[in-house]
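# Inside the fold
So the chains spell out like this:
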Amino acid sequence: MAVCDPNSPLWCYVPNKGAAYAFAILYFFNAVGHWYQCWRYKAKYTIPLGVGATFTTVGFIFKIVSSYYPDALGYWMPAVILLCESARFRSAVYGLIAPSVTAPPIYSAADYFILAKTLHYVPSQAPMHPGRVVTTFVTLDGLCEMLMGTGIGQVVNYDKPKRVQIGTILIKTGLILQIVLFIGFVTVAVRFHANVRKANLVGRWTTVLYVLYTSAFVISVRCLYRVVEYFMGTTGPLYRLEVYFHVFEATLMLINVIVLNVLHPGRFLPKSNKMFLNENGQEERGERGGWDDNRPFLLTLIDPFNIKGLIDDRAEKKKKKKKDNAYLMEDRKADTVTTV
């Protein structure tokens with residue numbers, strides 16, 4: 001078992017200054033690139049990418065300063081928050097890990113925005129309301145964060161073992177639900193892609209979907225790393241050795257944002273949400289885009305997948321099929337009588 005370095009009690013290891021400098025520089029140029037691309041392609045939906053890369057850059061700057069002042073909470077805490085080093089929020093006395101709920105899942109949110117934009121472009125094949133992708137997944141993500149926040153509130157009652165146990169269960173549940181939620185997000189993207197292929201609407205723009213798959217895979221590996229880190233606790237090597245953070249957090253997220261730099265969605269999708277691809281594969285322009293949903297606004301928030309509509313459509317198809325079968329039977333009887 002790895003032992004915390006006494007010269008760096010807050011980090012539990014002596015931060016690698018060279019790696020921190022390198023990541024700070026790389027993320028800085030990446031952030032500049034994303035802000036430029038956001039402006040160039042007028043792609044407001046990619047703002048989270050610029051924000052995420054900027055936060056990570058500043059986080060590494062604080063980590064560099066913190067490495068020179070290992071006992072200063074004022075430098076350590078911003079680095080932990082901005083770098084989303086969730087496991088660093090712990091009870092220094094009792095060794096309890098608590099995930100950070102203050103730093104938003106920015107890179108995941110970026111994927112939500114990009115998928116929403118893609119569904120807006122090909123609305124005829126969208127498995128859910130394009131305008132509700134962000135609200136649905138960010139809200140559910142927020143509920144997971146609230147669940148973990150409630151768990152943290154229970155865990156700090158270290159003098160009450162029952163509450164600590166309940167808090168730990170809540171935190172673990174929240175972490176697992178976040179992974180399930182992201183799997184659900186990927187499922188929506190895959191279903192949309194399948195619909196597009198079936199409708200023969202595949203084009204240059206589908207590159208965005210492959211980029212999303214890559215991003216989702218990288219983020220999923222990173223989330224799994226954080227879950228395992230929490231389950232292993234403060235005595236595990238994932239918590240006590242910086243190399244795991246460099247590989248599964250810093251490097252993976254850098255790959256994620258670089259891929260989105262090189263294959264920026266703005267290169268493949270139109271600037272306006274009013275421009276969409278119709279069922280014949282031709283671009284059209286409409287005031288409301290191509291998505292047609294006459295349901296009340298509140299209902300679209302509660303039921304973004306229009307589950308009621310899908311159930312009604314299925315019932316209508318069964319009813320129509322039953323009626324067609326009845327007509328067919330009547331025709332066969334009539335033919336039999338005529339033959340006789």
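The sections below set out a description of the structure shown in this document.

### Regarding a nonpolar patch on the surface
Where nonpolar side chains cluster on the molecular surface, the patch consists of Tyr21, Tyr68, Tyr69 and Tyr75 and spans about 440 Å² of accessible area. One can find tyrosine 75 in helix 3 (residues 73-82).

### Section: the pattern of salt bridges
Tallied over the full model, the rule gives four salt bridges. For glutamate 249, the salt bridge goes to arginine 226, with nearest N and O atoms at 2.9 Å. Highlighted residues: glutamate 249 in helix 9 (residues 242-262) and arginine 226 in helix 7 (residues 207-232), separated in sequence by 23 residues. For glutamate 249, a relative accessible area of 6% corresponds to the buried category. Accessibility expressed as a relative area gives 5% for arginine 226, which makes it buried. Beyond isolated ion pairs, a larger network of salt bridges with shared partners links Arg222, Arg226, Glu229 and Glu249.

### A word on the packing of helix 2 (residues 47-68) against helix 4 (residues 106-121)
Taken N-terminus to C-terminus, the directions of helix 2 and helix 4 make an angle of 170°; their axes are 8 Å apart at the nearest point. Here helix 2 lies roughly antiparallel to helix 4, going by the angle between them. Crossing of helix 2 against helix 4: the hand is left-handed. Note on element contacts: helix 4 touches helix 2 through Ile106, Tyr107, Ala110, Phe113 and Ile114, opposite Pro48, Leu49, Val51, Gly52, Ala53, Phe55 and Thr56. Tallied by class, the residues present in the contact of helix 2 with helix 4 amount to 10 nonpolar, two polar and no charged.

### So, the packing of aromatic side chains
The full count for this structure, using the stated rule, is 18 aromatic pairs. Where phenylalanine 28 meets phenylalanine 29, the ring centres are 5.4 Å apart and the plane angle is 70°; that geometry is what we call edge-to-face. Ring centres of tyrosine 112 and phenylalanine 185 lie 5.0 Å apart, and the angle between their planes is 70°; on these two criteria the pair is classed as edge-to-face. Of the two residues, tyrosine 112 sits in helix 4 while phenylalanine 185 sits in helix 6 (residues 161-198), which places them 73 residues apart along the sequence. By relative accessible area, which is 2% here, tyrosine 112 ends up buried. An aromatic cluster is built from Phe23, Tyr27, Phe60 and Phe245, whose rings are joined through pairwise contacts. Looking at lysine 17, its charged tip hangs above the ring of tyrosine 68, at a distance of 5.0 Å from the centre. When the ring centre of tryptophan 11 is taken as reference, the NZ or CZ atom of lysine 63 above it lies at 4.7 Å.

The rules behind these values
- Residues numbered from 1 in each chain as written.
- Predicted model: local features only at pLDDT ≥ 70, side-chain atom pairs only at ≥ 80, totals over all residues.
- Heavy atoms only, no water.
- Patch = residues over 30% accessible without salt bridge, like charges linked within 9 Å, V, L, I, M, F, W, Y side chains within 5 Å.
- Areas by Shrake-Rupley, 256 points an atom, 1.4 Å probe, with all protein chains shown as cover.
- Salt bridge = Lys/Arg side-chain N within 4 Å of Asp/Glu carboxyl O.
- Helix = DSSP H or I, 4+ residues; strand = E, 2+ residues; numbered from the N terminus.
- Buried < 20%, exposed > 50% of the residue type's maximum accessible area, 1.4 Å probe, protein only.
- Axes fitted to C-alpha atoms, helices over the stretch in contact; angles between N-to-C directions.
- Parallel < 35°, antiparallel > 145°, perpendicular 65-115°, else oblique.
- Left-handed = near helix turned anticlockwise from the far one by under 90°.
- Contact = heavy atoms within 4.5 Å.
- Nonpolar A, V, L, I, M, F, W, Y, C, P; charged D, E, K, R; others polar.
- Phe/Tyr/Trp six-rings, centres within 6.5 Å; stacked < 30°, edge-to-face > 60°.
- Lys NZ or Arg CZ within 6 Å of the ring centre and 35° of its normal.

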